[in-house]
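Spelled out, the chains give:
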Amino acid sequence: MFLPKIREITEALRSLFTPAFTTKYPLKPYIAHDEYRGFPKYYEEECVGCGTCVQVCPTSAIEIIDDKQKGVRKLVLDYTSCSQCGQCEEKCITDKGIKLSSEYVLSVTDLKAPEVYETVEKDLAVCEACGDVIACRDHLLFVKERLGAKAYAHPNFLIETQRQFAEVKPSSIKDKIRREDLIKEVCPVCRHKTVVNDEF
Amino acid sequence: MFKTLLNKCFKKSIWVYHTNTGACNGCDIEVINALTPYYDAERFGIKLVGTPRHADALLVCGPVTRQVVPALKCLYDSVPDPKLIIAIGSCAIGGGIWYNTYNVIGGVDKVLPVDYFIPGCPPRPEAILYGIAVALGLVKKKVSPVILKEESPEKWMTF
């Protein structure tokens, strides 16, 4: 006796009216959920420019460029070599300077295209004696805040705090810095040299 | 609109050949994932083929190790012209975490002329689909990645 294939017919009817399982992705955007580890992104107000992310990055996707003449530090993040491991976010000293976003889509034909790079620029504090890099100004202020009242023991923090309220001009460079020059923005090496070598 | 889309899709159905030049299998899994029914790359006419001689495009995953260079060159020669080389994953682009190891010479672009780079570790299947859709001309290229935007309230206010 011929039996109608009820199970197959109901399945066919059901699949006729249910929407397709396949995504309509390139036509409709897909937004990854918040926990997805996408490409990292700098937050310029929170970043202090310490360069921890550069040291920690396993693929060396972040490059640090110091311009001592202009007093500008650049952190250049290359998305193409980033492996989205999240070390930069984890080790960031402010915990907010760099964060992994949920963005994941990038397709380029040229590796030097501008959308591949993200850059943060920070002002540098430069040694008045030798012209070497001390740290970023935001970094010094961040450390000052962490130290609290103890920070006023160190001239660099003091000068950096002054600079917030009034313009502090760099002093004229001498051949040799003396003990009286210690209340100036001086790098640790020069400070040590002065303390050890300078005679009264 | 549907017809024009179909015409665009099937003007040239890209057949791809998938190679691994020393990857950790992460990108390979994502490439295969893009061919599964959920993402279904075959709706764009993309098909995985078993030999490079049938292929139009070469998907390369992984950093290029020293041993694989002659094989990769041989593979490149056996793909008929015109051909498309797509580097998938951050390893295939610049070496990834093996950028300075002794046995890796770097990204694919040091050996072959690469047409499209899809970064990510591994890239999501959506990112791979997007890269291939850009290559096919289905989607216009965005400068910035996908960002969630709220619809403007003016749209609702006007009658």
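Shown above is the structure to which this text applies.
We now turn to the structure provided with this report. (Residues numbered from 1 in each chain as written. Chains lettered and ligands numbered in written order. Predicted model: local features only at pLDDT ≥ 70, side-chain atom pairs only at ≥ 80, totals over all residues. Heavy atoms only, no water.)

## Examining helix α2 (residues 26-34) of chain B
Along α2(B), the residues classified as buried are Gly26(B), Cys27(B), Asp28(B), Glu30(B), Val31(B) and Ala34(B). Contact partners of the buried residues in α2(B): β1 (15-20), β3 (57-61), β5 (84-88) and α5 (125-136) of chain B. (Buried < 20%, exposed > 50% of the residue type's maximum accessible area, 1.4 Å probe, protein only. Helix = DSSP H or I, 4+ residues; strand = E, 2+ residues; numbered from the N terminus. Contact = heavy atoms within 4.5 Å.)

## Some details on the interface of chain A and chain B
Of the residues lining the interface, 30 residues belong to chain A; the matching set on chain B comes to 35 residues. For the pair chain A and chain B, the summed buried surface comes to about 3,100 Å²; carbon and sulfur atoms form 65% of the total. The largest contributions to the chain A side of the interface with chain B come from Pro26(A), Val105(A) and Ser107(A), which together make up 18% of the buried area. Applying the counting criterion to the chain A and chain B interface returns zero salt bridges. Here chain A and chain B share six residue pairs in polar contact (both at pLDDT 80 or more) between them. (Buried area = accessible area lost by both parts, 1.4 Å probe. Salt bridge = Lys/Arg side-chain N within 4 Å of Asp/Glu carboxyl O. Polar contact = N/O pair within 3.5 Å; in protein donor to acceptor, adjacent residues only side chain to side chain.)

## So, α5(B)
All names here are of chain B. The end-to-end C-alpha separation of α5 is 16 Å, in line with the 16 Å expected for twelve residues at 1.5 Å each. Judged by how many residues are buried, α5 sits mostly within the fold: ten of twelve residues are covered. Just past α5, the residue Gly 137 takes up positive phi, approximately 85°. (Expected span 1.5 Å × (residues − 1).)

## A word on the pairing of strand β5 (residues 117-126) of chain A
Residue and element names in this part refer to chain A. Judged from the seven bridges that link them, strand β3 (residues 72-78) and β5 form a sheet pairing that is antiparallel. By the bridge assignment for β5, Leu 77 is matched with Glu 118. In the sheet, β5 pairs with strand β6 (residues 133-136) via three bridges, with the strands oriented antiparallel. Bridge pairing in β6 places Leu 124 opposite Cys 136. Hairpin connection, β5 to β6: the antiparallel pair is bridged by six residues, and Gly 131 has positive phi, about 80°. (Pairing = 2+ DSSP bridges.)

## Quick notes on a nonpolar patch on the surface
Residue and element names in this part refer to chain A. Taken together, the side chains of Ile 9, Leu 13, Leu 16 and Phe 17 present a nonpolar region at the surface, about 480 Å² in accessible area. Topologically, Ile 9 is positioned in helix α1 (residues 6-17). You can call Ile 9 partly exposed: its relative accessible area is 46%. (Patch = residues over 30% accessible without salt bridge, like charges linked within 9 Å, V, L, I, M, F, W, Y side chains within 5 Å. Areas by Shrake-Rupley, 256 points an atom, 1.4 Å probe, with all protein chains shown as cover.)

## Focus on unusual backbone geometry
Glycine aside, residues mostly have negative phi angles, and peptide bonds mostly take the trans form. Residue and element names in this part refer to chain B. Here the amide bond leading from Asp 81 into Pro 82 is cis, since omega sits at -10°, within 30 degrees of zero. Secondary-structure assignment places Pro 82 in the loop between α3 (69-78) and β5. The linkage connecting Cys 121 with the following residue, Pro 122, adopts the cis geometry, with an omega of -15°. With respect to the secondary-structure elements, Pro 122 resides in the loop between β7 (116-118) and α5. Of note in the backbone geometry, Asp 40 takes a positive phi value of approximately 50° without being a glycine. Residue position: Asp 40 is located in the loop between α2 and β2 (47-48).

## Side note on the pattern of salt bridges
For side chains bearing opposite charge, pairing can occur when the charged atoms are close. Applying the stated rule across the entire model yields eleven salt bridges over all chains. One salt bridge connects Lys122(A) with Asp138(A), and the closest N-O pair in it is separated by 3.0 Å. With Lys122(A) in strand β5 and Asp138(A) in helix α4 (residues 137-147), this pair connects stretches of sequence that are 16 residues apart. Among the residues examined, Lys122(A) registers a relative accessible area of 7% and is labelled buried. On the basis of relative accessibility, which here comes to 33%, the residue Asp138(A) falls in the partly exposed class. Note that Lys83(B) is salt-bridged to Asp81(B), the shortest N-O span being 3.7 Å. In this structure Lys83(B) comes out as buried when scored by relative accessible area, which is 19%.

## Points about the sheet that holds β3(A)
Strand-to-strand pairing in sheets goes through backbone hydrogen bonds, with the strands running parallel or antiparallel. All names here are of chain A. Strand order in this open sheet of four strands is β2-β3-β5-β6, and the pairing throughout is antiparallel. The open sheet terminates on both sides in strands that have one partner only, identified here as β2 (62-67) and β6. Each strand of the sheet is rotated relative to its neighbour by a mean of 30°, with strand direction disregarded. (Axes fitted to C-alpha atoms, helices over the stretch in contact; angles between N-to-C directions.)

Geometry only, nothing functional implied.
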